[in-house]
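Observations on chain architecture
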Protein chains: 2
Amino acid sequence: MEEITKVAVDAMGGDNAPVEIIKGAVEAINENSKIKVYLTGKRDVIEKELAQYTCNQSQIEVVNATEVIEMAEPPVMAIRKKKDSSIVVALNLVKQGTCDAFVSAGSSGAVLVGGQLIVGRIRGIERAPLAPLIPTETGCSLLIDCGANVDARSSHLVQFAKMGSVYMESVMGIKNPKVAIVNIGAEEEKGNALVKETFPLLKNCPEINFIGSIEARDIPTGYADVIVCEAFAGNIILKLYEGVGATLIKKVKAGMMTSLRSKIGALLVKPALKQTLKAFNLEEYGGAPLLGLNGLVVKTHGSSKAIEIKNSILQCVTFKEQGINKKIREKVILKDE
Amino acid sequence: MEEITKVAVDAMGGDNAPVEIIKGAVEAINENSKIKVYLTGKRDVIEKELAQYTCNQSQIEVVNATEVIEMAEPPVMAIRKKKDSSIVVALNLVKQGTCDAFVSAGSSGAVLVGGQLIVGRIRGIERAPLAPLIPTETGCSLLIDCGANVDARSSHLVQFAKMGSVYMESVMGIKNPKVAIVNIGAEEEKGNALVKETFPLLKNCPEINFIGSIEARDIPTGYADVIVCEAFAGNIILKLYEGVGATLIKKVKAGMMTSLRSKIGALLVKPALKQTLKAFNLEEYGGAPLLGLNGLVVKTHGSSKAIEIKNSILQCVTFKEQGINKKIREKVILKDE
């Protein structure tokens with residue numbers, strides 16, 4: 001385990017770039033001496049920002065990239081045209097083997113498309129799913145796929161289930177993780193065409209601990225560790241989690257401000273409440289890995305602050321140390337052949 | 001408007017049947033003299049329960065039905081075999097024109113299937129969507145379809161958008177309601193095959209105020225009045241709303257119990273908080289109509305109490321008075337021809 005994990009970081013991506021991205025990168029190397037970060041983006045901007053920090057210079061390198069892919073650009077076009085963008089340059093570092101992983105808070109579309117086109121999928125993996133951790137009452141679950149492959153087929157979902165299982169077992173340390181498929185009822189005969197086709201395939205997978213269907217209502221309880229779904233459904237789940245959470249917390253705060261009595265109460269409950277709600281904040285869980293690629297690509301929230309960037313970089317170390325891609329090759333692909 | 005609205009009510013359906021159902025029915029007729037309720041179910045059970053209430057006898061009638069469709073029964077089979085069940089008997093009252101509407105807290109599957117098979121769709125309506133109201137920061141939105149027709153086609157979604165518009169305008173009094181389609185991004189080129197096909201059709205609908213895509217994150221803010229989606233996605237949205245809400249409120253309560261200080265605070269904020277959160281409770285909005293049928297079928301939550309049954313029955317009066325089905329014929333069908 002003396003090896004260095006080399007992580008390319010998109011210094012220009014996200015709402016808080018470059019300030020928070022660079023801060024997070026510096027915090028990561030200051031916390032773990034076995035990491036080297038490659039910051040991609042405009043050299044002068046990055047170096048000016050870096051100048052204010054003290055850190056081990058041998059752990060950080062700036063790789064110049066003159067272009068930036070904007071959030072609204074059509075991803076495929078952007079990846080093809082902007083060869084000298086911070087995202088494409090970083091993905092090439094992973095492709096060439098200079099880096100093990102890539103972390104970006106930039107355009108989701110560009111990161112997902114670029115990951116598949118430039119880094120490429122592990123031989124035998126049909127689609128690379130985006131798999132964020134989402135908070136539950138008992139800890140967290142892996143939601144797979146949450147936006148990378150709309151209109152997926154049943155064979156893709158089966159691979160997602162296996163990859164998700166490997167991730168939860170190796171990275172999160174959950175023994176024999178429970179796998180469920182998102183459905184509109186608990187019974188086997190329920191569902192749309194895709195779920196009906198996928199259900200028996202998952203049931204006959206000896207490599208995973210398949211527990212059947214999960215209704216969306218039960219996702220926040222922590223009923224399953226790996227939540228398998230097609231990307232359109234997964235994206236709805238991820239974003240609604242965020243939306244309902246934000247609205248409810250706003251309602252709770254407004255409710256506490258309605259009378260003098262409740263305002264005094266609010267002052268008293270605030271610290272305890274803040275602590276509890278923190279555990280239910282999606283952003284606490286760092287980035288979402290795009291699984292099944294020849295290297296690791298991690299997409300963090302567009303509004304990521306330094307803490308999320310740091311956590312995402314540290315996550316790359318676990319990913320490498322645990323040999324996730326080797327395990328995916330062994331458990332997902334070889335079993336299929 | 002001197003007409004009587006006649007509502008068949010499934011006295012045997014739901015977790016709290018028959019007690020809460022009958023209580024709700026009695027409360028509805030005591031509140032509005034222009035309603036007549038037909039309670040379907042086991043006559044002896046219903047009459048025994050009814051005996052404890054005072055109400056205008058001419059406003060209530062018991063229609064005997066010896067069978068009950070259980071929650072777990074496969075719906076199509078149950079509707080075909082249990083001809084003398086409280087659901088089938090009630091649906092026949094609507095079909096024959098004895099009743100204008102039907103309210104049930106029983107098996108969703110049986111109510112949806114039975115509504116389509118027995119009451120039947122308005123001529124020209126391709127599918128009948130289930131359309132609950134969901135709470136938002138600014139009021140409520142109509143989610144259409146939330147579970148009736150999985151694997152719907154684009155032409156179905158266009159009809160859902162039009163029917164939803166009629167409902168929000170006529171029943172909820174929202175002028176020129178904003179219609180959006182659930183998508184995984186705001187741009188027109190995003191989405192799965194169904195959304196990409198439906199988007200331009202909605203854009204070219206002069207009868208509705210189409211505002212484009214809505215991401216799940218923005219649903220709770222009240223960004224759109226009518227939220228159009230395929231049933232699988234709609235079911236996830238409805239159930240996750242419930243699930244995230246329940247978990248967060250549990251977390252808030254637990255957070256308040258962590259120290260003596262926060263416990264005292266909790267006592268002070270409780271009344272105000274209860275009031276605010278009530279407005280964000282799905283169950284406050286009564287039943288979900290199955291739109292586009294020759295009559296009104298309303299499905300209420302399986303755990304409905306008297307208040308929801310009462311509200312659902314009263315909702316049938318507005319539906320009839322506003323001539324929703326006539327408007328659907330005019331605005332959805334005739335325009336298509």
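Residues numbered from 1 in each chain as written. Chains lettered and ligands numbered in written order. Predicted model: local features only at pLDDT ≥ 70, side-chain atom pairs only at ≥ 80, totals over all residues. Heavy atoms only, no water.

Describing the overall build of chain A
Helix and strand counts for chain A come out as 11 helices and 11 strands. Over its C-alpha atoms chain A spans a radius of gyration of 21 Å, differing by no more than 12% from the 20 Å that the globule rule assigns to 337 residues. Along the first, second and third principal axes, the C-alpha atoms of chain A reach 70 × 60 × 40 Å. Scored against the burial criterion, the 337 residues of chain A give a buried share of 58%. The contacts in chain A between residues at least 6 apart in sequence include a share of 72% that link residues at least 24 apart. A total of about 13,600 Å² of accessible surface is found on chain A, and carbon and sulfur atoms cover 52% of it. Charge-centre separation for chain A: the mean point of 41 positive side chains lies 2 Å from the mean point of 38 negative side chains. (Helix = DSSP H or I, 4+ residues; strand = E, 2+ residues; numbered from the N terminus. Rg over C-alpha atoms; globule rule 2.2 N^0.38 Å. Buried < 20%, exposed > 50% of the residue type's maximum accessible area, 1.4 Å probe, protein only. Contact = heavy atoms within 4.5 Å. Areas by Shrake-Rupley, 256 points an atom, 1.4 Å probe, with all protein chains shown as cover. Lys, Arg positive; Asp, Glu negative; His and termini not counted. Charge placed at Lys NZ, Arg CZ, Asp CG, Glu CD.)

Quick notes on the pattern of salt bridges
Going through the model one piece at a time under the given rule, you end up with 28 salt bridges over all chains. Across the pair Arg217(A) and Glu242(B) runs a salt bridge whose closest N-O atoms are separated by 3.1 Å. Here Arg217(A) is found in the loop between β8 (209-215) and β9 (226-228), whereas its partner Glu242(B) is found in helix α8 (residues 231-256) on a different chain. Overall, the relative accessible area of 29% leaves Arg217(A) in the partly exposed class. (Salt bridge = Lys/Arg side-chain N within 4 Å of Asp/Glu carboxyl O.)

Let's talk about the packing of aromatic side chains
The final tally for this structure, using the stated rule, is four aromatic pairs over all chains. Between Tyr167(A) and Phe319(A), the ring centres sit 6.3 Å apart and the planes meet at 45°, which makes this aromatic pair tilted. Of this pair, Tyr167(A) sits in helix α6 (residues 154-170) while Phe319(A) sits in helix α10 (residues 306-321); the two residues are 152 residues apart in sequence, bridging distant segments of the chain. For Phe319(A), a relative accessible area of 7% gives the class buried. Ring centres of Phe199(B) and Phe210(B) lie 5.2 Å apart, and the angle between their planes is 75°; on these two criteria the pair is classed as edge-to-face. Here the residue Phe199(B) occupies a position in helix α7 (residues 193-203), and Phe210(B) occupies one in strand β8 (residues 209-215), the gap between them amounting to 11 residues. (Phe/Tyr/Trp six-rings, centres within 6.5 Å; stacked < 30°, edge-to-face > 60°.)

Some details on the side chain of Ser262(B)
Secondary-structure assignment places Ser262(B) in helix α9 (residues 260-278). From its side chain, Ser262(B) meets the backbone oxygen of Met256(B) in a polar contact 2.8 Å long. For Ser262(B), the contacting residues outside a window of four places in its chain are Leu268(A), Val269(A), Ala272(A), Gly255(B), Met256(B) and Met257(B). (Polar contact = N/O pair within 3.5 Å; in protein donor to acceptor, adjacent residues only side chain to side chain.)

Considerations on the nonpolar core
Judged by nonpolar contacts, the single largest core of 238 residues is most densely connected at Leu39(A), Ile219(A), Ile313(A), Leu39(B), Ile219(B) and Ile313(B). In contact with Leu39(B), other than residues within four places in its own chain, are Val9(B), Ala11(B), Ile22(B), Ala25(B), Ile46(B), Leu50(B), Ile60(B), Glu61(B), Val62(B) and Val63(B). (Core = buried A, V, L, I, M, F, W, Y, C linked by side-chain atoms within 4.5 Å.)

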